[in-house]
Each structure stands twice: as C-alpha cells, then as structure tokens.
Amino acid sequence: MENKELADGVQLAFDAIVEERLALICGAGLSMADPSNIPGAWSVAASAKRKYDAIYGAEANPLSDDIEEQAEFFHAQGRLASTYLTKLVDINTFSAPPNAGHIAVADFLLTKTAQIAVSTNVDALIEFAGDQLYGGIVTATRRDDAAAFYPAKAPLLKIHGCWKSDPRQTVWAPSQLQCEPNQSRIADCSQWIEQQMLNRDLIVVGYFTDWDYLNSLLERCLGAVNPSNVVVVDPSSTADLAGKAPALFNVGERASGGFYHVQCSGADFLNELRRKWSLSFVRRALTSGNQLLEDTNDQRAALDNCEPPNANVDQLWAIRRDLEGVDPGGPCTESQPVDAATVGRMIIILRHAGAVLEGNLWYLNGQKVRVVRASGKALNEFEKMHAGESSPLSAPDITIACGARDFGLKSDIARSGRPTNVVRSRSSRFLTDEQAEQELGI
C-alpha cells in the first residue's frame, strides 16, 4: 500500500471519472463526519443494553456490551426483528442531516459519474442527499433490483439491507448470513459486485469503524473482486489499516494498477473530488463556448476566461444545473457537458465585460445575471417555467435563456404594457442571447 497526499489521491479518483471506471465503496464511517455524527456501534450497543436492563431487570440473562453479541443473542431466540430492532434500537438512531461526503456520492450517482456504489451504511443519508439535489437515488438491496436499473441508472447497492425501507430485514448478526433469504441474497450480490467491479477503480471510504459485522459483510462481498486501482481513504495510519482489515488488503493486492492510502476524512476527500470534477465540467463548457467565438474571429474570445472562477461545490452545482438547462426542481444528470456551448459562450462574453461570480449569479455593472441553457425553447414558455424559481429578493435582474427564440409572445405572468421583445416577470427580465448582448452593451 502506497501513501498518497489528498491532492494526489483525488487526482487518481478524478482520472477514474475521466476514464469511466469509478466505483465507490461506502462504509458506516462515512456517516460519522459532521454534521451527520451518526453514533458508533458501541454507543448503539450501550443504549440497547440500558433499555434491556430496564425492561428485564437483574433476573434476566445478562446482555453483552458488544453489538454483534447482542444481535446474536436475540437472533438465536428468533427475536432479532421483533424485540432487538424494534424495542431496543431506536428507529431514529440513524436519522441525521447528510454531510458533504453523502452529497458527493449522491451527485456522482445521479450523473452516473460513478457507475456503481456499494454501501454497508445502516442509514439512508445518501438517499436524503439525493433528495437535496432534487434527484432520486436508485437503491437496491438485491442483485436483481440493482441489475434492473443498471446501466441506465447508477445504483446504490445496500448489501446489509435498508434501515429506512425495511429495518426488520437488515443484517446485524453473522448468523443471519447462514439463513435464508440473506444467504442467497448476499451470494447473488457478491457475484454481481464481482462482475461490475472488474477493472474498476475502487474508492473505499468510511470502512474502518467499530461496526465490525458490517466490515465483515463487505469483505465477503468483495472476496473475488479484481479491480484496477484501490484507493482507501481513512484517517488511520497505514499500519493500523493493515492490522484491522487483512481481507481488504487482499483486494488491494489483487489490483492490477495500484493500492493506495489517503490519510484523511472520507467526507473531505469526496467533497474535494466532487469540486475537482465540477470545475472540469464547467471548464469544458466554457472552452466549447470560447471555441464558438474563436471560430468567428470574435475579439471577446479569451482562453483565460475558460478557467472557472474560484467557487465552492454548491456554486459549481448551480452553474452545472444552468449549463444542463434542467427544469426547476430537477437534478443534474450529466457527467459531462452536452450542448452547453451557447451557455459557455455567453459566460465568456460576460466575463470579458467584467462580470464576476457572486453566489450563484454573475454580477455586471450592478446587475445580477443568470445564464441558462434553453436550446429550442420559446422565450415566453421558458419564462413561464422559471419565473417563480427564486424569491424576488434573490432573483436575478436578468435571466439569459441561451438558445431560446422570442416569438413576441407574452407568458401568462407577463405584465401588460411591456415591449414584446423582452419578457418580464415580477423579479427578472428574460432575454435571448442576442437581446442580452444588446441590452447589456457587451
């Protein structure tokens, strides 16, 4: 295992994105980062023991402090689902806000930037993160469910089961793996994972926690996987990792490329990877727009303006949505820009005129400007769709609908008495590319 600095590890993962080889392995540790702070196994076990002792008293068989032994105790009696998971483990234990790592995984899956993700998480924070990005994460607990969506959608395969949809069927005790339907389900998932992970670059985050039974299940599913590269992201030292996860080391040693360790938080790593990929997405769109200007010998072309502004991941996500031209309340779905040259061209023109990015909008001469892909759409219909997307206080002064056509029609929310060549809403004026260049004098 070779140690890598954060930037070098992110570069390896970014190369996997470019070459369409990225696969994610997400352990329970991913959810322990702020602001999620999902409790560790010891905390859940301690809470369960306190409830057990209070319910049954000193005359009952003592309950272990270890979560795996607790689960085995109840599973042996046929009471794992009816008592342990419903009476002793609080249903709200794994409810929390998603962190930056969850949001990155959700974004990668919604855009198919990662072709597959395998999770042992007992929470649903990746799914909740998808909701925040206006998208539904395709979640599966069985091979057939994952295969039904793949490759049209990138699935999140939850090999332990899903706490939110069916907590009583989640895997907590090793002996559950010897019983049906879990035995067949895990065998099927392992076979499918082996097929899908072949020659992929695996990014492993949140693996090394005190949830030992989850780690063991993951090791079982990865038993025959032959990846290209394996990047393990964990704050622990390399020596500690080798001692705690020999099975994972076997997977890494089978990698045909390399086996690497990045010593940092998984959430921080994934957030930085998402930012690097988003910058590349925006850069490619701006470059294609600049090429349109160069092709017509337009003096406003400038390679310097092809480099994205210094923006955080939320700003870049908003720009990506506008480059895609998604409907209000819709997610980003593209892993690379498609038909975004007209939007890129307009941003290059705005930056040439001195526009700077503030928040999610471009500021030019005291005006807030938004640039959105609207290829083939009528301006009045585009304005009707987007007019209520922002509050009047945060709405842009001008929304440029790149590629739209103005047929001189007013939308049903346009005010009377306005010129037909400029459609207005209560908060923003909607212009075509040509109208914007004339109106702004750029």
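Just so it is clear, the structure is predicted and the values come from calculations on it, not from any experiment.

Before going further, it helps to examine the environment of Ala173. The residue Ala173 is located in the loop between strand S5 (156-158) and helix H8 (182-196) in this model. Those residues in contact with Ala173 that lie beyond four places of it in its chain are Ala71, Glu72 and His75.

All right, on to the confidence of the model for the protein then. Taken as a whole, the protein shows an average pLDDT of 89; of its residues, 93% reach a score of 70 or greater. At the level of individual helices and strands, the protein shows its lowest average pLDDT in strand S13 (residues 423-424), which scores 45, and its highest in helix H5 (residues 100-110), which scores 98. Across residues 413-426, where pLDDT falls below 50, the model places 35 contacts with residues more than four positions away in sequence or in other chains.

A cis amide bond links Asp34 with the next residue in sequence, Pro35, at an omega value of -5°. Position of Pro35 among the secondary structure elements: in the loop between strand S2 (22-26) and helix H2 (41-56). The peptide bond linking Tyr150 to Pro151 adopts the cis configuration, its omega dihedral lying at 5°. Residue Asn199 is not a glycine yet carries a positive backbone phi of 60°. Here Asn199 is to be found in the loop between H8 and strand S6 (201-205). By relative accessible area, Asn199 is classed as partly exposed at 44%. One non-glycine residue, Asp339, adopts positive backbone phi at about 55°. On the secondary structure map, Asp339 appears in the loop between helix H13 (313-324) and helix H14 (341-352).

Before going further, it helps to examine the pairing of strand S10 (residues 361-364). Sheet analysis places strand S9 (residues 356-358) next to S10, joined by 3 bridges and oriented antiparallel. Bridged to Leu357 within S10 is Trp362. When S10 meets strand S11 (residues 367-373), the two strands line up antiparallel, connected through 3 bridges. Residue pairing in the sheet places Leu364 in a bridge with Gln367 of S11. Turn length for the S10-S11 hairpin, with the two strands adjacent in sequence and antiparallel, is 2 residues, and the turn residue Asn365 shows positive phi of about 50°.

Attention now goes to the sheet that holds S5. Taken in spatial order, the 8 strands make up an open sheet running S1-S8-S7-S6-S2-S3-S5-S4, and their pairing is parallel. One side of each edge strand has no neighbouring strand; the edge strands of this open sheet are strand S1 (2-4) and strand S4 (139-140). Bridge count for S6 against strand S7 (residues 229-233) is 5 bridges, and the pairing is parallel. Bridge assignment links Val205 to a residue of S7, and that residue is Val233. Taken strand by strand, helix H1 (residues 6-18) contacts S1, S2, S6, S7 and strand S8 (258-262), and its axis lies near 100° from that of S1.

Among all positions of helix H11 (residues 246-253), only Leu248, Phe249, Val251 and Gly252 are buried. Looking straight down H11, one finds that the buried residues subtend no more than 155° of arc, so they occupy a single side.

Procedures and definitions
Residues numbered from 1 in each chain as written. Predicted model: local features only at pLDDT ≥ 70, side-chain atom pairs only at ≥ 80, totals over all residues. Heavy atoms only, no water. Helix = DSSP H or I, 4+ residues; strand = E, 2+ residues; numbered from the N terminus. Contact = heavy atoms within 4.5 Å. pLDDT = per-residue confidence, 0-100. Buried < 20%, exposed > 50% of the residue type's maximum accessible area, 1.4 Å probe, protein only. Pairing = 2+ DSSP bridges. Axes fitted to C-alpha atoms, helices over the stretch in contact; angles between N-to-C directions. Arc of directions from axis to C-beta.

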